[in-house]
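# A look at the structure
Listed below are the residues making up each chain.
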Amino acid sequence: MPTQGASGSCGGQTEPDDHAIGRSRGGPSTKIHLACDGHGRPLTTVLTGGNINDCTMFDAVLAGVWFPPARPGRLATRPARVIADKGYSSRAIRAHLRRRGIRATIPERRDQRANRARRGRAGGRPPLFDPVIYKRRNVVERCFNRLKQFRAIATRYDKTALSYQAMIDLATLTLWL
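Scope of this entry: the structure provided in the associated data block. (Residues numbered from 1 in each chain as written. Predicted model: local features only at pLDDT ≥ 70, side-chain atom pairs only at ≥ 80, totals over all residues. Heavy atoms only, no water.)

### Looking at the overall build of the chain
Broken down by element type, the chain carries seven helices and five strands. Overall, the chain shows an N-to-C arrangement of helices and strands of β-β-β-α-β-α-β-α-α-α-α-α. Looking at the chain as a whole, 37% of its 177 residues are labelled buried. In the chain, once contacts between residues fewer than 6 apart in sequence are set aside, the share between residues at least 24 apart is 44%. Working note: accessible area of the chain is about 11,700 Å², and carbon and sulfur atoms make up 54% of it. (Helix = DSSP H or I, 4+ residues; strand = E, 2+ residues; numbered from the N terminus. Buried < 20%, exposed > 50% of the residue type's maximum accessible area, 1.4 Å probe, protein only. Contact = heavy atoms within 4.5 Å. Areas by Shrake-Rupley, 256 points an atom, 1.4 Å probe, with all protein chains shown as cover.)

### Brief notes about the environment of T45
With respect to the helices and strands, the residue T45 is situated in strand 3 (residues 42-49). Residues T45 and V61, 16 residues apart in the sequence, show an inter-C-alpha distance of 6.6 Å. Setting aside anything within four residues of it in sequence, one finds T45 in contact with I32, H33, L34, Q165, I168 and D169. Within polar-contact distance, the side chain of T45 engages the side chain of Q165 at 2.9 Å. (Polar contact = N/O pair within 3.5 Å; in protein donor to acceptor, adjacent residues only side chain to side chain.)

### Some points on the packing of aromatic side chains
In total, this model carries two aromatic pairs according to the counting rule given. When the ring of F58 is compared with that of Y88, the centres are 5.8 Å apart and the planes differ by 55°; the resulting orientation is tilted. A residue pair is termed long-range when its members are at least 10 positions apart, and F58 in helix 1 (residues 58-63) and Y88 in the loop between strand 4 (81-83) and helix 2 (91-100) qualify at 30 residues. (Phe/Tyr/Trp six-rings, centres within 6.5 Å; stacked < 30°, edge-to-face > 60°.)

### Some points on the nonpolar core
Soluble globular proteins tend to pack their nonpolar side chains together in the buried interior. Counting 16 residues, the largest nonpolar core has I32, L34, L47, L147, I153, Y164 and I168 as the members making the most contacts within it. Where this core is concerned, the elements lending two or more residues are strand 2 (27-36), helix 5 (138-147) and helix 7 (161-176). Residues contacting I168, with those up to four places away along its chain left out, are I32, T45, L47 and I153. Among the nonpolar cores identified, the runner-up in size contains 15 residues, and L43, F58, V61 and L62 belong to it. (Core = buried A, V, L, I, M, F, W, Y, C linked by side-chain atoms within 4.5 Å.)

### Some thoughts on the side chain of R94
With respect to the element layout, R94 can be found in helix 2. There is a polar contact of 3.1 Å between the side chain of R94 and the side chain of S89.

### Overview of unusual backbone geometry
Positive phi, close to 50°, is recorded for R156, a residue that is not glycine. Within the fold, R156 resides in the loop between helix 6 (151-155) and helix 7.

### Remarks on the pattern of salt bridges
Under the counting rule described, the total for this entry stands at five salt bridges. For R116, the salt bridge goes to E108, with nearest N and O atoms at 2.7 Å. The same class applies to R116 and to E108, which are both buried. Here R137 makes a salt bridge to E141, at a shortest N to O gap of 2.7 Å. Assessed through its relative accessible area of 16%, R137 is described here as buried. E141 gets classed as partly exposed once you look at its relative accessible area, which sits at 36%. (Salt bridge = Lys/Arg side-chain N within 4 Å of Asp/Glu carboxyl O.)

Everything listed here is a matter of geometry and, on its own, says nothing about what the molecule does.
Quick look at the structure:
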């Protein structure tokens, strides 16, 4: 049930029921799912509770990606390559990227390797992985570090998800300037 902004007072956006606050062993937590370009500039952010799995939000993050194209024309929404960590290693994500013609550099989790080996020939080939390209994933970590230099993002003093998202948007705009 939307709690704030349903009347259109906040631009028609509605608050999630949990305000993007999840539960973990350490207490309440919020997770920022982020996509950035090769220069470490944020392209899109999605907020969820900290107990939400990364791979379930992949489609929402990828749907928000747009960037200036190499040639004049409309904005591009399909990156040439996705570099992600093991949290995004799943057959569904790899198949989605393959359908869209996007190359993926995602390391395979240990349990997935073991399951594939256990199945023998029926397990199929391992997905392609280039460790040299994967070294560029540190750009995302550096982007998170630059975002967390803003105290309001690192500590989340905001009560509602909309105000926290607004602070993240202000920080990302500052990083782009």
